[in-house]
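Working through the structure, step by step
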Amino acid sequence: MESRTEQEWIKEYMKRGALWMHDRNSRRPHVVLSSKKHSGGFFNSELVMDDPALLNDAASDLVLKMRRDFGVNIDNVKCVAGPAMGAITWAHDVARHISFFADNGCRRAYAEKDEALGMVFRRTSPREGDLVLPVEDVLTTGGSVSLMLKAIRACKAETKPFVGLIVNRSGQAMVEGHTLVALITRPMPTWEPNECPLCTAGSEAIPAKGKENWARLNAVYYERKRADIQGCRPSFIILSLQ
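In this text, all values refer to a predicted model and were calculated from it rather than measured experimentally. (Residues numbered from 1 in each chain as written. Predicted model: local features only at pLDDT ≥ 70, side-chain atom pairs only at ≥ 80, totals over all residues. Heavy atoms only, no water.)

Attention now goes to the state of the cysteines. Tallied over the full model, the rule gives zero disulfides. Free of any disulfide, Cys106 has its nearest neighbouring cysteine sulfur in Cys79, separated by 6.4 Å. The class for Cys106 is buried, based on a relative accessible area of 14%. Looking at the unpaired Cys196, the closest cysteine sulfur is the one in Cys199, lying at 3.8 Å. With a relative accessible area of 1%, Cys196 lands in the buried category. (Disulfide = S-S within 2.5 Å. Buried < 20%, exposed > 50% of the residue type's maximum accessible area, 1.4 Å probe, protein only.)

In terms of nonpolar packing, the biggest core is built from 37 residues, with Tyr13, Phe43, Val80, Trp90, Val94, Ile98 and Leu133 touching the most fellow members. Those elements that provide at least two residues to this core are α1 (6-15), β1 (19-21), α2 (46-49), α3 (52-69), α4 (88-99), β8 (131-139), β10 (162-168) and β12 (178-185). It is α3 that contributes the most residues to this core, seven residues altogether. The contacts of Val94, once residues within four sequence positions are left out, are Ala59, Leu62, Val63, Val80, Leu133 and Val135. (Core = buried A, V, L, I, M, F, W, Y, C linked by side-chain atoms within 4.5 Å. Helix = DSSP H or I, 4+ residues; strand = E, 2+ residues; numbered from the N terminus. Contact = heavy atoms within 4.5 Å.)

Inspection of every chain in the model, using the stated rule, returns three aromatic pairs. Ring geometry for Tyr13 versus Phe43: centroids 5.4 Å apart, planes at 85°, classification edge-to-face. You can see Tyr13 sitting in helix α1 and its partner Phe43 sitting in strand β4 (residues 41-43), a full 30 residues away along the chain. Here Tyr13 falls in the buried class, since its relative accessible area comes to 0%. Its end group placed over the ring of Trp9, Arg4 keeps NZ or CZ at 4.8 Å from the ring centre. Note that Arg67 overlies the ring of Phe101, its terminal NZ or CZ placed 4.0 Å from the centroid. (Phe/Tyr/Trp six-rings, centres within 6.5 Å; stacked < 30°, edge-to-face > 60°. Lys NZ or Arg CZ within 6 Å of the ring centre and 35° of its normal.)

With that out of the way, let us pick up α3. With 18 residues, α3 extends 25 Å between its outermost C-alpha atoms, agreeing within 8% with the 26 Å of an ideal straight helix rising 1.5 Å per residue. Inspection of α3 places Leu54, Leu55, Asp57, Ala58, Ala59, Asp61, Leu62, Val63 and Met66 among the buried residues, and these make up the whole buried set. Residues of α3 that are buried sit in contact with α1, α2, α4, β8, β10 and β12. Where α3 begins, the capping side chain belongs to Asp51, and its oxygen is found 3.2 Å from the backbone nitrogen of Ala53. Two residues or fewer past α3, Gly71 is found with a positive phi of approximately 65°. (Expected span 1.5 Å × (residues − 1). Polar contact = N/O pair within 3.5 Å; in protein donor to acceptor, adjacent residues only side chain to side chain.)

Inspection of the secondary structure assignment puts Arg153 in helix α5 (residues 143-154). Here the alpha-carbon distance between Arg153 and Glu128, two residues 25 residues apart in the chain, equals 9.2 Å.

It is worth spelling out the pairing of strand β6 (residues 107-114) at this point. Two strands pair when backbone bridges link them, and strand β5 (residues 79-83) and β6 are joined in this way by five bridges, in the parallel orientation. Within β6, the position partnered with Cys79 by the bridge is Arg107. Taken together, β5, α4 and β6 constitute a β-α-β crossover, and its handedness is right-handed. Sheet topology places β6 next to strand β7 (residues 118-120); three bridges connect them, and they run antiparallel. What sits directly across from Lys113, in β7, is Met119. Count of turn residues in the β6/β7 antiparallel hairpin: three residues. (Pairing = 2+ DSSP bridges. Right-handed = clockwise from strand over helix to strand, strands pointing away.)

This part takes up the confidence of the model for the protein chain. Mean pLDDT over the protein chain stands at 90; residues scoring 70 or higher make up 91%. Segment residues 235-242 is flagged for pLDDT under 50; beyond a separation of four residues in sequence, or across chains, it makes twelve contacts in the model. (pLDDT = per-residue confidence, 0-100.)

Spatial ordering of the open sheet is given by β13-β3-β2-β14, a layout of four strands whose pairing is mixed. At either end of the open sheet lies a strand with only one pairing partner, and these are β13 (190-191) and β14 (205-206). Bridge count for strand β2 (residues 30-32) against β14 is two bridges, and the pairing is parallel. For His30, the partnering residue across the bridge sits in β14 and is Ala205.

Spelled out as structure tokens, the structure:
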């Protein structure tokens, strides 16, 4: 099976209701991200990663893209590491596909949040001297990846200078010298809470994760008056519907 294009991956998100955009209706809530910034758009990868066949395709496409488009030698990667909780399954599937090429296979590890150290590997970890490929499902600010890279160094392991992503919505091309390789690269607007135009228009900021919050974001709202909010709806969404 041929790999999907970026546009086809966007359509997979849309098909599963996993790509949410604010419609400028001030009655509708908007998203507060884990970074505490606000946004009018969200890629909900949980709705994609709960499909094992689709996630398998995503991991296969990423490995192919890294080898073909970026010339990444993955044969010597010994471990794939992702931050918990979202990237655990993603790291597992990417490691499995790398195992098809790597000598002696490839393991998966995941880093967990720690109040003192930021992130640590508790249950599974890279081994000393391992060459590690960092991964993340959706990259928004790069904060979690930065903390994980620090945790990998604490294990005395080395990293490939790349990060494997399903979605890069950050607008960044690199994080700490690591090139971002994503199936979908589409920046989405984010704002500090005190600069958020959706808040100014009267929209409530809520986390996107959780069934109740996701239902609130996607509910039908009677529209009093569409707010004139600049920059909250990226043009690529309109293009992707064509």
